[in-house]
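Survey of secondary and tertiary structure
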Amino acid sequence: MKEKMQWPWPWRRRKVVVVVVLRKLLTCAICVIALMGLLSVRVHVFPSSKVSDLTDPYKLPTVTQHELNYQKLSAEKKWTQELTPPHLSKEQAPPHLSKAPLSSHKLNGANGSLDFEKLWKQPSNHDFVPCVQPGSNYTAPDESRGYLLVHTNGGLNQMRAGICDMVAVARIINATLVVPELDKRSFWQDTSNFSDVFDEDHFINALANDVKVIKKLPKDLSSATKVVMHFRSWSGLEYYRDEIASLWEEFQVIRAAKSDSRLANNHLPPDIQKLRCRACYEALRFSPKIEAMGKLLVDRMRAYGPFIALHLRYEKDMLAFSGCTHGLSDVEAEELRTIRENTAYWKIKDINATEQRSRGYCPLTPTEVGIFLTGLGYPSNTPIYIAAGEIYGGDTHMADLRSRYPILMSKEKLASVEELEPFTNHASQMAALDYIVSVESDVFIPSHSGNMARAVEGHRRFLGHRKTISPDRKALVRLFDKIEKGLLMEGRKVSNRISEIHKKLQGSPRRRRGPVSGTKGMDRFRSEEAFYVNPLPDCLCKRVSENVNASTASMR
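Each value, and the rule that gives it
Residues numbered from 1 in each chain as written. Predicted model: local features only at pLDDT ≥ 70, side-chain atom pairs only at ≥ 80, totals over all residues. Heavy atoms only, no water. UniProt positions renumbered as here; feature names shortened; annotations may be inferred. Pairing = 2+ DSSP bridges. Helix = DSSP H or I, 4+ residues; strand = E, 2+ residues; numbered from the N terminus. Buried < 20%, exposed > 50% of the residue type's maximum accessible area, 1.4 Å probe, protein only. Contact = heavy atoms within 4.5 Å. Axes fitted to C-alpha atoms, helices over the stretch in contact; angles between N-to-C directions. Parallel < 35°, antiparallel > 145°, perpendicular 65-115°, else oblique. Nonpolar A, V, L, I, M, F, W, Y, C, P; charged D, E, K, R; others polar. Core = buried A, V, L, I, M, F, W, Y, C linked by side-chain atoms within 4.5 Å. Domains from an automatic or database assignment. Arc of directions from axis to C-beta. Patch = residues over 30% accessible without salt bridge, like charges linked within 9 Å, V, L, I, M, F, W, Y side chains within 5 Å. Areas by Shrake-Rupley, 256 points an atom, 1.4 Å probe, with all protein chains shown as cover. Salt bridge = Lys/Arg side-chain N within 4 Å of Asp/Glu carboxyl O. Disulfide = S-S within 2.5 Å. Lys, Arg positive; Asp, Glu negative; His and termini not counted. Charge placed at Lys NZ, Arg CZ, Asp CG, Glu CD.

- Per an unreviewed UniProt entry, the chain goes by the name O-fucosyltransferase family protein and belongs to Gossypium barbadense.
- According to the UniProt record, the Pathway (unreviewed entry) comment for the chain reads "Glycan metabolism."
- Quoted straight from UniProt, the Subcellular location (unreviewed entry) entry for the chain says "Membrane".

Dropping the structure here:
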């Protein structure tokens, strides 16, 4: 029997070393291949962040109908559709361009596994669609009996509603409407003219079959005797047809000194109600430069993924007017009281701040908004657009909200100083930019039910009942007070309670609310839900099922 050949010890040792080295090289090669594979995979923080995948309801309604060419609009200013302006820091850049800031703040009120679908899913519109075309008996405007001059009053959205109401009034009294004059004397002291904020030519042309609209009063009537009228608030058809129209017998020009809340919310002919909606959602379009800039802001915001537009009405004028001082210093509270005292047209001077808040009349503070969003389950990397002017107290009052939600953006952060320059120092134009982003957001949340909040809610309802979460401030204040006093801790219990309270306050279709039971006189009209908050049933109709014969009707 042959003996096995025995290798000398040095040779055996060298063989073992070679095997070990080969193994290490093979392991390294496998790791490198795996790493390259991982790096080649594109990870999205937000699954639905692609702008190109957006369905029609998410596109700007006015821009899609009339495509804006940024190059044409740039005779004075070049608009560029870059997603991140050069002045933004890496921390502010969208997640696909650089690492987005993610908060280390733990969501005490949210479950470990967040339901993405639940947070961003739009409510069902139950097949309600816009139906604003006039009836078969509707005719072209009758021969004009005179001219209606309108002086609007208030901020952007108060003026918008007033302009649309005056279109309807002009139709009722057979007047030629002169393009309304915007308020230049309000708190904001904005010098903007109608054509600076709205597309004047489009406004005139879009209403051609309803009301004759001209840009200026004819020169031969500039010195004519005018009657200045404060139209009675929330008036119906009879008031305008009988009392106001009778003025044509003596005057050629009627001037409306104010335009806010001069037309009833309800009990008007269907064609008049539909005209109000056509005026608001079709004719009253923002100027081309505002539309272009607004769309640019929407695109830049969408680069972060689905986002919330938060109308944070924590501004000096609102706090001074409402008398809400919770969380403010004594010095700040005194400053607001002085403003209210010195503003002549604010009638109520002495206000109990504690009582105001307990009734739910105060806007949520930034801190309270943070608790609210956390309670609803929105994670800390949720992009939030702050639709507001200057927040009272600045960083001092925004610190807690920012610690919870670091991706807080605004028009000032999304656009450069040069891009915003045409709109700066014009409150109505800046508010128009916020309006566009708010209407187009995935979720809209107002911290107070003011004119902006109501106008955006109504517009979102008209465009398909987009998700709008309206905080029940009265119920929330009771929770916030317990948390502040240490009687309740943020967590699952608070989160469940907040979610339950707002389960049915997310913008689903419902009929416009009538007056509060038991109210009388002007209080009865004042308690009604405003027409432009909810255009159902006047301007929204139930879509007929596809199996119904198309020749019978497409709406009912």
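Past the structure itself, the notes keep going.
**Re the sheet that holds strand β7 (residues 308–311)**
- Spatially, the four strands line up as an open sheet ordered β9-β8-β7-β10, and their pairing is parallel. Among the strands making up the open sheet, the edge pair consists of β9 (408–409) and β10 (443–446).

**Concerning the pairing of β7**
- Of the two faces of β7, the one holding I308 and L310 and the one holding A309 and H311 are both buried throughout.
- Taken together, the three bridges between β7 and strand β8 (residues 384–386) define a ladder with parallel strand orientation. Residue pairing in the sheet places A309 in a bridge with Y385 of β8.
- As paired elements, β7 and β10 share four bridges and run parallel to each other. Its bridge partner lying in β10, A309 is registered against F444.

**A word on the side chain of E457**
- Tracing the backbone shows E457 in helix α18 (residues 451–462).
- Given a relative accessible area of 13%, E457 falls into the buried group.
- Setting aside anything within four residues of it in sequence, one finds E457 in contact with T468, S470, R510 and V533.

**Remarks on the packing of helix α4 (residues 156–172) against helix α17 (residues 427–440)**
- Across the interface, α4 lies against α17 with an axial gap of 9 Å and an inter-helix angle of 85°. With respect to each other, α4 and α17 are oriented roughly perpendicular. Where α4 abuts α17, its residues L156, N157, M159 and R160 lie against S428, A431, A432 and Y435.
- Broken down by class, the residue content of the contact of α4 with α17 amounts to five nonpolar, two polar and one charged.

**Re the nonpolar core**
- Residues F203 and F231 are the most contacted members of the largest nonpolar core, which totals 85 residues.
- With 10 residues, α4 is the single largest residue contributor to this core.
- The two domains that each donate at least three residues to this core are domain 1 (146–282) and domain 2 (288–541).
- Excluding anything up to four places from it in sequence, F231 contacts L148, M166, V169, Y239, Y240, I244, I254, A256 and R262.
- Counting 42 residues, the second-largest nonpolar core is a separate cluster that includes W120, Y314, W346 and L408.

**Some remarks on helix α14 (residues 395–404)**
- Within α14 the residues assigned to the buried category are H397, M398, L401 and R404. Each buried residue of α14 sits inside an arc of 105° when the element is viewed along its axis, so together they form one side. Every exposed residue of α14 that faces more than 90 degrees away from the buried side is listed here: D395 and T396.
- If you follow the buried residues of α14, they end up packed against β7, α11 (330–342), α13 (366–376) and β9.

**Some words on a nonpolar patch on the surface**
- On the surface, F187, W188 and Y345 cluster together into a nonpolar patch covering about 310 Å² of accessible area.
- Assignment of secondary structure puts Y345 in the loop between α11 and α12 (353–358).

**Description of the pairing of strand β6 (residues 253–256)**
- As paired strands, strand β2 (residues 146–150) and β6 are joined by four bridges and run parallel to one another. From the neighbouring strand, L148 faces β6, where its bridge partner is I254.
- Inspection of the sheet shows strand β5 (residues 226–229) paired to β6 by four bridges, in the parallel sense. Paired with K226 across the bridge in β6 is V253.

**Here we look at the environment of R497**
- Mapped onto the elements, R497 comes out in helix α20 (residues 492–501).
- Since its relative accessible area comes to 43%, R497 is described here as partly exposed.
- In sequence terms R497 and A475 are 22 residues apart; their C-alpha atoms lie 10.0 Å from each other.

**Side note on the pattern of salt bridges**
- Summed over all chains, the structure comprises 29 salt bridges.
- The salt bridge partner of R276 is D165, with a shortest N-O separation of 2.9 Å. One end of the pair, R276, is in helix α8 (residues 270–283); the other, D165, is in helix α4, and 111 residues separate them in sequence.
- The salt bridge involving R404 is made with E490; its shortest N-O contact spans 2.6 Å. On the criterion of sequence distance, the pair formed by R404 in helix α14 and E490 in the loop between α19 (473–484) and α20 is long-range, its members being 86 residues apart.
- Beyond isolated ion pairs, a larger network of salt bridges with shared partners links E200, D201 and K215.

**Notes on the state of the cysteines**
- A complete count under the given rule lists three disulfides for this structure.
- There is a disulfide in this structure between C277 and C539, and the S-S distance comes to 2.0 Å. An S-S torsion of about 90° defines the bridge between C277 and C539 as right-handed. In this pair, C277 is assigned in helix α8 and C539 in the loop between α21 (521–526) and β11 (540–542), connecting sequence segments 262 residues apart.
- In this structure C277 comes out as buried when scored by relative accessible area, which is 1%.
- Disulfide partners in the chain, listed by the sequence order of the bonded cysteines, are 1-6, 2-5, 3-4.
- A disulfide-free cysteine, C280 has its sulfur positioned 4.1 Å from the sulfur of C164, the nearest such atom.

**Details of a positive patch on the surface**
- Judged by side-chain charge, K474, R478, K482, K493 and R497 come together as a positively charged surface patch.
- At the level of elements, α19 and α20 are the ones that each hand at least two residues to the positive patch.
- The exposed category is assigned to K493, whose relative accessible area is 65%.

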